[in-house]
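# Notes for the structure review
Below, each chain spelled out in residue letters.
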Amino acid sequence: MVHRFPITLTQLSYFVECAKTLNMTAASQELHIAQSAVSTAINQLEKSLGAPLFIRQHSKGLVLTPAGEELLQETRQIFGLITDAVESIQAGQKEVRGTIVLACFKTLAPFLLPQLLGRLQERYPELTVDVFEGDHEEAMGALRSGRAEIALNYDLTDAEGIDSEVVGEVRPHIIVDTDHRLARRKKVALSELAEDPFVLLDLPDSREYFLTILRQAGITPRVKYRSASYETVRSMVATGLGFSILNQRPRISQTYTGARTAILEISDPAPSLHVAVSALSRSSQTGKARAVTEVVREVLAEAAAR
């Protein structure tokens, strides 16, 4: 029996590029073809499906319709299966090659990406990893839009339509400046800092995690300063502007200001953050995604053992 389909892989490829850029001119430039060819392919695709995939805004580009969102997820799954099949045949199911886009939570990136990328480069020289850095919601958005195949993130919230696999755990700790009255202690109760100003790492979802740790210890946080930058928070603390709670632990105590911080363990019960690799629920995991996940586990396990 011969199967005839009303749409082509070429049309789907053009559609995915338009969905990524939300601009037909930018899509045509990325594809190295005429804009008219992209426009024609999208029009034919919409005609075949009987539904509009984009809302055209002449001055603002494109907006995906609900039908477009659904097709984008299904197309990513189709392309993933085809890519995996081609890679398996070409590599005899032994090698991992091609390109994978990884979305990474911005505070995890400096601690994990250098070791991860270095090990992947050594182990899979034909694999290219493109990285997108952002906060939790930006990483999840990159997955949903098809910009990224997998995301390396904290499991701060449950995201509908996304599956997450926990690959590591990081405990929270307190940082203070080296002249702080508690700086020479190894472990403290949060109540001992109840009257101190707090410097908050102010990222979506993350901020509530840190504030909840204090509230669960019976403390009303005295948030004096906020920053979305991990290193700015460390520098503020090092210069005596307050204390903070963080999870990742640099191997150096010095900050960008030249001043140093001291790390104190928390004696109170405080929830750890789990590091997770996430992907769209309906996507079939590719060999590339499996390889990256495996190396992420290795790097995190070695860091936890130090």
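Throughout, residues of each chain are indexed from 1 in the direction in which the sequence is written. Note on the predicted model: pLDDT of at least 70 is required for a residue's local features to be given, and 80 or more for side-chain atom pairs to be given and counted; whole-chain, interface and lining totals, by contrast, use all residues. Where side-chain values are given, they derive from all heavy atoms of the structure, hydrogens and water being excluded.

### Re the overall build of the chain
Strands here are runs of E lasting at least two residues and helices are runs of H or I lasting at least four, both read from the DSSP assignment and numbered beginning at the N terminus. Along its length, the chain carries 9 helices and 13 strands. Across the 306 residues of the chain, 45% fall into the buried class. Total accessible area on the chain stands at roughly 16100 Å², and carbon and sulfur atoms take up 50% of it. A simple rule labels every residue: compare its accessible area, found with a 1.4 Å probe on the protein chains alone, to the largest value its type can have, and call it buried under 20%, exposed over 50%, or partly exposed in between. Calculation of accessible area relied on Shrake-Rupley with a 1.4 Å probe; when residues are assessed, cover is drawn exclusively from the protein chains displayed.

### Remarks on the UniProt feature "domain: HTH lysR-type" (unreviewed entry) in the chain
UniProt positions are given in the numbering used here, feature names are shortened, and annotations may be inferred rather than shown by experiment. The feature "domain: HTH lysR-type" (unreviewed entry), as annotated in UniProt, sits at residues 7-65 in this numbering. As annotated, residues 7-65 comprises 61% helix and 14% strand, and the C-alpha atoms at either end are separated by 18 Å.

### Some points on the sheet that holds strand β12 (residues 261-266)
DSSP bridges decide pairing: two strands pair if at least two such bridges lie between them. In space, the 4 strands of this open sheet follow the order β8-β12-β7-β11, with mixed pairing throughout. Edge positions in the open sheet fall to β8 (187-188) and β11 (244-246), since each of these has one partner strand only. Both strand β7 (residues 173-177) and β11 contribute to a ladder of 3 bridges, which runs antiparallel. From the neighbouring strand, Ile-174 faces β11, where its bridge partner is Ile-245.

### Remarks on the sheet that holds strand β3 (residues 98-105)
Hydrogen bonds along the backbone pair up the strands of a sheet, which may run parallel or antiparallel. Read across the sheet, 5 strands follow the order β4-β3-β5-β13-β6 without closing on themselves; strand pairing throughout is mixed. Each edge of the sheet is formed by a strand with only one pairing partner; in this case those strands are β4 (127-134) and β6 (162-170). Strand-to-strand, the axes of this sheet are offset by a mean angle of 25°, without reference to chain direction. Pairing between strand β5 (residues 150-154) and strand β13 (residues 273-280): 4 bridges, direction antiparallel. Paired with Tyr-154 across the strands is Val-275, a residue of β13. Note on geometry: axes are C-alpha line fits, over the in-contact stretch for helices, and angles between N-to-C directions span 0 to 180 degrees.

### A few points about the environment of Ser-206
For Ser-206, the location among the structural elements is in helix α7 (residues 206-216). With 70 residues separating them in the primary sequence, Ser-206 and His-136 have C-alpha atoms 8.1 Å apart. In this view, Ser-206 contacts Phe-105 and Leu-156; residues no more than four positions away in its chain are not counted. Only heavy atoms matter for contacts: two residues are in contact if any of them lie within 4.5 Å across the pair.

### Remarks on the nonpolar core
Note on terminology: a nonpolar core comprises buried Ala, Val, Leu, Ile, Met, Phe, Trp, Tyr and Cys residues joined through side-chain atoms within 4.5 Å. Leu-152, Ile-174, Ile-245 and Val-296 are the most contacted members of the largest nonpolar core, which totals 60 residues. Just so you know, the domain bounds were taken from an automatic or database domain assignment. Each of domain 2 (95-169 + 274-305) and domain 3 (172-271) gives at least three residues to this core. In this structure, Ile-174 is in contact with Val-188, Leu-190, Leu-193, Phe-243, Ser-244, Ile-245, Ala-262, Ile-263, Leu-264 and Ile-266, ignoring residues within four places of it in sequence. Among the nonpolar cores identified, the runner-up in size contains 16 residues, and Phe-15, Met-24, Leu-53 and Leu-64 belong to it.

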